[in-house]
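Read off the chains here:
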There are 2 protein chains.
Amino acid sequence: MRILGIDPGSRATGYGLIEKQGNRLRHLDNGVILTGGEAPLSERLGIIYRDLGGVIDRYAPTVMAVEQIFLARNALSALKLGHARGVALLAGIHHELPVFEYTALQVKSAVVGYGRADKAQIQAMVRVLLALPEIAQEDASDALAVAICHAHSAGMNQRLAQAGKR
Amino acid sequence: MRILGIDPGSRATGYGLIEKQGNRLRHLDNGVILTGGEAPLSERLGIIYRDLGGVIDRYAPTVMAVEQIFLARNALSALKLGHARGVALLAGIHHELPVFEYTALQVKSAVVGYGRADKAQIQAMVRVLLALPEIAQEDASDALAVAICHAHSAGMNQRLAQAGKR
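Residues numbered from 1 in each chain as written. Chains lettered and ligands numbered in written order. Predicted model: local features only at pLDDT ≥ 70, side-chain atom pairs only at ≥ 80, totals over all residues. Heavy atoms only, no water.

S.K.: Where do I start with the overall build of chain A in this structure?
M.R.: Within chain A one finds 5 helices and 5 strands. Against the 2.2 N^0.38 benchmark of 15 Å for 166 residues, chain A shows a C-alpha radius of gyration of 16 Å, consistent with a compact globule. Dimensions of chain A along its principal axes, counting C-alpha atoms only, are 55 × 35 × 30 Å. When burial is assessed residue by residue, chain A has 52% of its 166 residues classed as buried. Entry remark: accessible area of chain A is about 8100 Å², with carbon and sulfur atoms responsible for 51%. Positive and negative side-chain charges in chain A, numbering 18 and 15 respectively, have mean positions lying 7 Å apart. (Helix = DSSP H or I, 4+ residues; strand = E, 2+ residues; numbered from the N terminus. Rg over C-alpha atoms; globule rule 2.2 N^0.38 Å. Buried < 20%, exposed > 50% of the residue type's maximum accessible area, 1.4 Å probe, protein only. Areas by Shrake-Rupley, 256 points an atom, 1.4 Å probe, with all protein chains shown as cover. Lys, Arg positive; Asp, Glu negative; His and termini not counted. Charge placed at Lys NZ, Arg CZ, Asp CG, Glu CD.)

See the structure below:
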C-alpha cells in the first residue's frame, strides 16, 4: 500500500509519500508545494491542484490521508485553509484515491504514542520511523505523520478484519 | 459579456448567469447545486466542481464573479465554506475564466443601492432588475446579485477607461 499524506495550506502544502510493506514503512518522497503569497487565491489553488496531481501521477499512491480539522486560529484563517484543503481533496477524488481523514489527536498518538506531543517531537519521530537522513520541513513532516497514521490504522483494521474471520 | 455569479456552500451552491448588452442586463439561468449533507465532504466537493463545470460548458460565460468573504459565523463553518469556495474558484480557473471577487457591501450597494439591505430586499431587487417571473431561491438569487455587481463594476471600469482615452 502506497500512502500520500497531505498537509494543506494556502501558502504551503506539504506532501509525504510512504510505502507500507507488511509492518514496515518505507519513505518514498516528501516536499512542500509553495504557492507564494503574492498571487491571487484562485491562481494559488490552481497551483496546489496541478502540483498535487503531478505528485499523484508520479508515485501512483493507493490512498490519500489528510488531517481533519476542527479548530483554527480564527474564521479567516479557517476560510483560507478550507480553500486549499478543498482543492487537495478534489485532486485525490479526481485521481480516484480513497480519502481518509484523521484528527490531530489520532496523528500524534500514531506517531509519538500520545496526543499531546509537540511539533518538534513529531518531526523527530517521523524522522526515526522513516529513517530519514534529516528532519523534514515542518509541512512535509506533518504530511508524512498523517500518512504514518493511516498506515497504522490500516494495519489495525486489517488485523480486526482477520480476527473477525476466525 | 456573459457573467456567471456563484454563491458557494458545502451543501448548496447557487449559480446565476446573466448577459450584459450595453446597459441592459438579461437573465439566462439560475439554480442551486445541492450536494446533500450525507455524502463525505470530498464527494460533495466533486459534485460542486463537476456541476459548475457543466454550467460553464453549457453557457460559456466570459467571467466568474464570487462574493469575497471576511466574516463567518465561526471557524468550523468558515472551513466548510472555504472547501466549497476553493473548488468553485478552481472550476473557473480550469475553464480559463477570469475570477472577480466582491465584498457583500459592494454587492448590496450595486443591487439595492445601499450596503445594509436585508436578504428579502436583495431578492426582490434581483427579481426586478432581471425581470424574473418570480423570486429566485436564496442561494441562486445571491449568485445573480454578485453577477449584477460585476456587470455594474465592469460598466464603470469601461467608462473610466474611455474617459482616460480622451
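S.K.: Looking at this structure, I do not really get the sheet that holds strand S2 (residues 12-21) of chain A. What am I missing?
M.R.: The strands that make up a sheet are held in pairs by hydrogen bonds between backbone atoms, and each pair lies either parallel or antiparallel. Residue and element names in this part refer to chain A. Pairing in this open sheet of 5 strands is mixed, and the strands run S3-S2-S1-S4-S5 from one edge to the other. Where the open sheet ends on each side, the last strands, each with one partner, are strand S3 (24-34) and strand S5 (99-103). Across the sheet, the mean angle separating the axes of adjacent strands is 25 degrees when strand polarity is ignored. Taken together, the 5 bridges between strand S4 (residues 63-68) and S5 define a ladder with parallel strand orientation. Bridging from a neighbouring strand, Gln68 pairs with Thr103 of S5. (Pairing = 2+ DSSP bridges. Axes fitted to C-alpha atoms, helices over the stretch in contact; angles between N-to-C directions.)

S.K.: Quick question: what am I supposed to make of the environment of Pro61 of chain B here?
M.R.: All names here are of chain B. Among the structural elements, Pro61 can be located in the loop between helix H1 (41-59) and strand S4 (63-68). For Pro61 and Leu90, which are 29 residues apart along the polypeptide, the C-alpha to C-alpha distance reads 15 Å. For Pro61, the contacting residues outside a window of four places in its chain are Arg2, Ile3, Leu4, Leu17, Ile56 and Leu97. (Contact = heavy atoms within 4.5 Å.)

S.K.: Hey, could you run me through the interface of chain A and chain B in this one?
M.R.: Note: interface size is frequently given as the accessible area lost on complex formation between the parts. Each partner contributes residues to the interface: chain A has 25 residues there, and chain B has 25 residues. Of the roughly 1900 Å² buried where chain A meets chain B, counting both sides, 78% is carbon and sulfur surface. The three residues of chain A that bury the most area against chain B are Ser42, Leu79 and Leu90 of chain A, which together make up 25% of that side's buried surface. At the boundary of chain A and chain B, one finds 0 salt bridges. Here chain A is connected to chain B by 4 residue pairs in polar contact (both at pLDDT 80 or more). Elements supplying a minimum of two residues to the side of chain A that touches chain B: helix H1 (41-59) and helix H2 (75-94) of chain A. (Buried area = accessible area lost by both parts, 1.4 Å probe. Salt bridge = Lys/Arg side-chain N within 4 Å of Asp/Glu carboxyl O. Polar contact = N/O pair within 3.5 Å; in protein donor to acceptor, adjacent residues only side chain to side chain.)

S.K.: Looking at this model, I keep getting lost on the UniProt feature "active site" (unreviewed entry) in chain A. Mind explaining?
M.R.: Residue and element names in this part refer to chain A. As recorded in UniProt, the sites labelled "active site" (unreviewed entry) are Asp7, Glu67 and Asp139. Considering the C-alpha atoms alone, the annotated residues occupy 133 residues of sequence yet fold into one spot, their largest mutual distance being 11.8 Å. Checked against the element boundaries, Glu67 lands in strand S4. Leaving out residues up to four positions away in the same chain, Glu67 has contacts with Ile6, Arg85, Tyr102, Thr103, Ala104, Val107 and Val146. Among the residues examined, Asp139 registers a relative accessible area of 25% and is labelled partly exposed. Not counting residues up to four positions away in its chain, the partners in contact with Asp139 are Asp7, Ala12, Gly14 and Val32. (UniProt positions renumbered as here; feature names shortened; annotations may be inferred.)

S.K.: Would you mind showing me how to read the sheet that holds S4 of chain B here?
M.R.: All names here are of chain B. Strand order in the open sheet made by the 5 strands is S3-S2-S1-S4-S5, with mixed pairing throughout. Lying at the two open borders of the sheet, with one neighbouring strand each, are strand S3 (24-34) and strand S5 (99-103). Neighbour to neighbour, the strand axes of the sheet diverge by 25 degrees on average, direction disregarded.

S.K.: Sorry, what's going on with the UniProt feature "binding site: Mg(2+) 2" (unreviewed entry) in chain A here?
M.R.: When the UniProt feature table is mapped to this numbering, "binding site: Mg(2+) 2" (unreviewed entry) covers Glu67 of chain A. Overall, Glu67 of chain A belongs to the partly exposed group, its relative accessible area being 24%.

S.K.: In this structure, what is going on with H2 of chain A? I would like to understand it.
M.R.: Between its terminal C-alpha atoms H2 of chain A stretches 28 Å, which fits the 28 Å expected from 20 residues at 1.5 Å a residue. Positive backbone phi, at 55 degrees, marks Glu96 of chain A, one or two positions downstream of H2 of chain A. (Expected span 1.5 Å × (residues − 1).)

S.K.: Can you walk me through H1 of chain A in this structure?
M.R.: In an α-helix there are 3.6 residues to a turn, and that puts residues three or four apart on one side. All names here are of chain A. Taking 1.5 Å of rise per residue, the 19 residues of H1 would be expected to cover 27 Å, and the 27 Å separating its terminal C-alpha atoms lies within 8% of that figure. Buried within H1 are the following residues: Leu41, Ser42, Arg44, Leu45, Gly46, Ile48, Tyr49, Leu52, Gly53, Val55, Ile56 and Tyr59. Taken from the residues just after H1, Ala60 is the one with a positive phi, measuring 45 degrees.

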